[in-house]
Amino acid sequence: MPAVVVFTRDLRVHDHPALVAGAAADGVVPLFVFDDAILGRRFARPNRVRYLLDALGALDTALADRGGRLVLRRGDWTHEVLDVARAVGAGTIHLSDDVTPYARRRIDALTAAGPDLRVVAHPGTTVVPPGTCTPAGGGAFQVFTPYYRRWLEVPRRPVLAPPRSLTVPDVAGVALPALADLVAGDPSPDLAPGGEPVARAALNRWVKAHLAEYGDRHDDLPGDATSRVSAALRFGCVSPAEVEHKLRHRPGAEPFVRQLCWRDFYAQVLAARPDAAWGDYRARGDEWNTGDAHFAAWCEGRTGYPVVDAGMRQLRQEGFMHNRARMIVASFLTKDLYIDWRRGAQHFLDWLVDGEIANNNLNWQWTAGTGTDTNPHRIFNPTVQGQRFDPQGDYVRRYVPELDTVAGRAVHEPWKLPAEVRAGLDYPEPVVDHRAAIADYKDRLAALSARRAR
Ligand SMILES: Cc1cc2nc3c(=O)[nH]c(=O)nc-3n(C[C@H](O)[C@H](O)[C@H](O)COP(=O)(O)OP(=O)(O)OC[C@H]3O[C@@H](n4cnc5c(N)ncnc54)[C@H](O)[C@@H]3O)c2cc1C
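Residues numbered from 1 in each chain as written. Predicted model: local features only at pLDDT ≥ 70, side-chain atom pairs only at ≥ 80, totals over all residues.

J.: Tell me about the overall build of the protein, and name the residues and values.
T.: From N to C terminus, the protein includes 21 helices and 5 strands. Expected size for 454 residues packed as a compact globule is a radius of gyration near 22 Å; at 23 Å, the protein falls within 12% of this value. When its C-alpha atoms are laid out on the principal axes, the protein stretches across 75 × 55 × 45 Å. Going through the 454 residues of the protein one by one, you find that 43% of them count as buried. Within the protein, contacts between residues at least 6 apart in sequence are counted, and of these 78% link residues at least 24 apart. (Helix = DSSP H or I, 4+ residues; strand = E, 2+ residues; numbered from the N terminus. Rg over C-alpha atoms; globule rule 2.2 N^0.38 Å. Buried ≥ 20, exposed ≤ 12 C-beta atoms within 10 Å, placed from the backbone. Contact = placed C-beta atoms within 7 Å.)

Structure below.
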């Protein structure tokens with residue numbers, strides 16, 4: 001009896017448990033469905049759809065190299081999957097398990113379809129499946145360090161080779177659409193290309209050149225020395241389990257592997273608390289500023305704080321932002337401007353090619369102080385952060401051309417430049433005074449905490 005393998009955000013042939021299981025059946029349909037419910041939402045944005053199309057094209061080629069092909073459908077996701085399964089008389093649908101509330105609803109809808117079809121959700125989107133590491137009292141870990149300790153000890157499943165050959169029964173599909181058929185707007189001008197072969201090659205190059213220095217250089221803003229593997233992980237063009245397996249015992253790999261564990265950590269948090277996708281993990285009763293002019297300045301990278309503006313411009317230009325810059329701009333929005341983290345998270349999701357709910361929204365909550373770790377004093381001074389992580393100002397000048405005539409670290413304090421120099425720069429004054437804004441923020445937190453104590 002044939003099987004169907006539904007690809008979702010696992011667009012690869014290496015180390016793909018669902019594909020390997022499906023390939024063992026008597027014929028298999030590798031299927032991807034363009035889900036109208038996702039395409040109709042704001043979540044479908046040009047950067048990620050561009051990457052998705054690249055990845056699907058590469059996946060089709062990889063399947064064709066093994067005698068198969070990728071069948072594409074578009075419409076109601078559950079309906080299309082079931083339609084393909086019934087058309088070929090499949091007994092089993094294999095797919096990779098997932099944790100977002102929407103992905104869970106889709107899997108549940110398939111599972112409810114009937115006793116004649118078995119639905120098997122395989123591991124594949126994390127190193128360790130959510131629910132594998134649990135604290136002694138049950139539930140999910142809320143603190144990273146004990147999770148990490150347990151995560152390091154958990155036995156791993158074997159890393160799987162791609163299937164050697166595939167036989168795909170006849171079934172109708174659609175051609176790979178063009179970007180404009182799926183979403184309005186253009187991708188970022190410097191968006192990196194997507195797909196499994198490109199991602200594997202880029203990661204291999206990075207590992208050879210930079211893995212050993214990751215611990216020292218991951219915060220180096222102008223050095224751009226992180227792996228940039230996040231989009232490939234988000235779309236599953238590389239397998240997180242395979243990456244961890246290959247790198248774990250390499251010299252200097254520990255800080256990098258730890259970051260992969262953060263990704264798993266947030267997946268298990270979201271699996272346990274699906275409401276934390278958009279709701280406060282720990283509500284403080286915030287009454288956020290509406291501040292539309294401030295929000296617009298932040299989105300456009302015109303806050304008058306150079307490192308914040310550089311990060312926000314990088315986001316639009318590349319569909320990517322350095323992790324250090326993400327923390328700085330998120331702190332600026334939620335603390336200096338005291339604007340709701342959800343607005344920032346949504347803007348990030350509009351542009352980030354690696355944008356995904358667990359990593360994005362839970363990192364936002366970490367920065368805002370509403371997340372699993374509620375340290376309210378995690379406040380970033382944007383000037384000090386710029387001076388520390390971009391000491392010569394190269395990161396700022398790369399993304400903020402209005403400041404490219406300002407040499408060295410002076411670029412982080414344009415308000416200190418002589419008036420005649422300033423007058424020649426088309427660059428705004430700071431939208432708020434950092435010290436005053438943070439004093440105000442602390443007063444509000446104190447009032448909230450007093451109100452909660454009453
Ligand atoms: C406000 C905010 C929003 C973020 N939104 C996203 C998002 O939508 N998608 C996303 O993948 N990451 C997100 N991150 C986490 C992190 O910034 C990116 O994963 C990282 O910058 C990607 O670059 P890289 O691949 O070069 O990372 P590297 O430093 O090379 O790290 C390797 C991998 O580890 C994982 N990782 C690293 N840092 C984190 C972290 N803090 N939390 C979870 N996983 C991590 C990522 O998968 C990353 O690709 C966000 C962080 C912040 C502070």
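Now that the structure has been shown, the text picks up again.
J.: Describe the pairing of strand β4 (residues 92-96), naming the residues involved and giving the relevant values.
T.: Burial analysis of β4 places 4 of its 5 residues in the buried class, which makes it a mostly covered element. Pairing analysis gives 4 bridges linking strand β1 (residues 3-6) to β4, with the strands arranged parallel. Each bridged residue has a counterpart across the sheet, and for V5 the counterpart in β4 is H94. Of the strand pairs in this sheet, β4 and strand β5 (residues 118-122) are connected by 5 bridges, and their pairing is parallel. Across the sheet, the residue bridging to T92 is R118, located in β5. (Pairing = 2+ DSSP bridges.)

J.: Quick rundown of the site of the ligand? Include the residues and the values.
T.: For the ligand, the set of nearby residues contains 27 residues, the closest of which are T226, S227, S230, N323 and N360. Elements represented by at least two residues in the shell around the ligand include exactly α10 (230-234), α12 (254-272), α15 (323-336) and α17 (357-368). Looking at the shell around the ligand residue by residue, the class counts come to 10 nonpolar, 11 polar and 6 charged. Looking at the shell around the ligand, you find at least three residues from each of domain 2 (126-158 + 195-272) and domain 3 (292-453). (Near = placed C-beta within 6 Å. Nonpolar A, V, L, I, M, F, W, Y, C, P; charged D, E, K, R; others polar. Domains from an automatic or database assignment.)

J.: How would you sum up unusual backbone geometry? Please name residues and give values.
T.: Here D224, not a glycine, exhibits a phi torsion of approximately 50°, which is positive. The class of D224 is partly exposed, set by 14 C-beta atoms lying within 10 Å. If you check the backbone angles, Y338 has positive phi at about 45° while not being a glycine. Along the polypeptide, Y338 turns up in the loop between α15 and α16 (341-351). Residue Y338 is classed as buried on the basis of its C-beta count, with 21 C-beta atoms lying within 10 Å.

J.: How would you explain the nonpolar core if you had to name every residue and give the values?
T.: Residues V4, V5, L31, A55, L59, V81 and L270 are the most contacted members of the largest nonpolar core, which totals 110 residues. In contact with V81, not counting residues within four places along its chain, are V4, V6, L31, V33, I93 and L110. (Core = buried A, V, L, I, M, F, W, Y, C linked by C-beta atoms within 7 Å.)

J.: Before we move on, can you summarise helix α14 (residues 306-318) with the specific residues and values?
T.: In this model, α14 (13 residues) spans 18 Å end to end at C-alpha, consistent with the 18 Å of a helix rising 1.5 Å per residue. Of all 13 residues making up α14, 11 are buried, and the element is well covered by its neighbours. Restricting attention to buried positions, one finds in α14 the residues P306, V307, V308, D309, A310, G311, M312, R313, Q314, L315 and E318. Where α14 is buried, its residues contact α13 (292-300), α15, α16, α18 (382-389) and α19 (394-399). (Expected span 1.5 Å × (residues − 1).)

J.: Give me the lowdown on the packing of α16 against α17, citing residues and values where you can.
T.: Between α16 and α17, the least distance of the axes is 10 Å, while the angle of their chain directions is 145°. Considering how the two elements wind past one another, α16 and α17 form a crossing that is right-handed. The segment α16 lies against α17, with W341, G344, A345, F348 and L349 engaging N360, N361, W364, Q365 and A368. A class-by-class count of the residues in the contact of α16 with α17 yields 6 nonpolar, 4 polar and no charged. (Axes fitted to C-alpha atoms, helices over the stretch in contact; angles between N-to-C directions. Left-handed = near helix turned anticlockwise from the far one by under 90°.)

J.: Lay out the environment of A232 in plain terms, naming residues and giving numbers.
T.: Within the secondary structure, A232 is located in helix α10. In the structure, A232 is positioned 180 residues away from L52 in sequence and 10.0 Å away in space, judged by C-alpha atoms. Excluding residues within four positions of it along the chain, A232 makes contact with A199, C237 and V238.

J.: Residues and numbers for the sheet that holds β1, please.
T.: Ordered by their spatial adjacency, 5 strands build an open sheet running β3-β2-β1-β4-β5, and the pairing between neighbours is parallel. Bordering the open sheet on either side are β3 (71-75) and β5, each of which pairs with just one other strand. In this sheet, neighbouring strand axes are inclined to one another by 30° on average, regardless of whether the strands run parallel or antiparallel.

J.: Quick one: what's the story with the packing of α12 against α17, residue by residue and with numbers?
T.: Packing of α12 against α17 leaves a shortest axis separation of 9 Å and a crossing angle of 90°. Regarding the angle of α12 to α17, the classification is roughly perpendicular. Touching R263, Y266, A267, V269 and L270 of α12 are I357, A358, N359 and L362, all from α17. Of the residues belonging to the contact of α12 with α17, the class tally is 7 nonpolar, 1 polar and 1 charged. (Parallel < 35°, antiparallel > 145°, perpendicular 65-115°, else oblique.)

J.: Break down the environment of A267 for me, with residues and values.
T.: Within the secondary structure layout, A267 lies in helix α12. C-beta crowding within 10 Å serves as the criterion here: with 27 such atoms nearby, A267 is assigned to the buried category. With 98 residues separating them in the primary sequence, A267 and Q365 have C-alpha atoms 14 Å apart. Filtering out sequence-adjacent residues up to four positions away, A267 remains in contact with V99, T126, P130 and A358.

J.: Any chance you could break down the domain arrangement of the protein for me, citing the residues and the numbers?
T.: Along its sequence, the protein is carved into domain 1 (3-124), domain 2 (126-158 + 195-272) and domain 3 (292-453). For domain 2 versus domain 3, the separation of C-alpha centres amounts to 26 Å. Between domain 2 and domain 3, the residue contacts involve 17 residues of the former and 19 residues of the latter. Contributions of two or more residues to the side of domain 2 that touches domain 3 are made by α10 and α12. With 5 residues, the top contributor of residues to the side of domain 2 that touches domain 3 is α12. Each residue belonging to the side of domain 2 that touches domain 3 can be placed in one class, and the counts come to 8 nonpolar, 3 polar and 6 charged.

J.: Please give an account of helix α8 (residues 196-210) that cites residues and values.
T.: Counted at 1.5 Å a residue, the expected span for α8 with its 15 residues is 21 Å, and the 20 Å between its end C-alpha atoms agrees. Within the sequence span of α8, burial applies to E196, A199 and L203. Viewed along the axis of α8, the buried residues span an arc of 65°, placing them on a single side of the element. For α8, the exposed residues lying more than 90 degrees away from the buried face are P197, A201, N204, R205, K208 and A209. (Arc of directions from axis to C-beta.)

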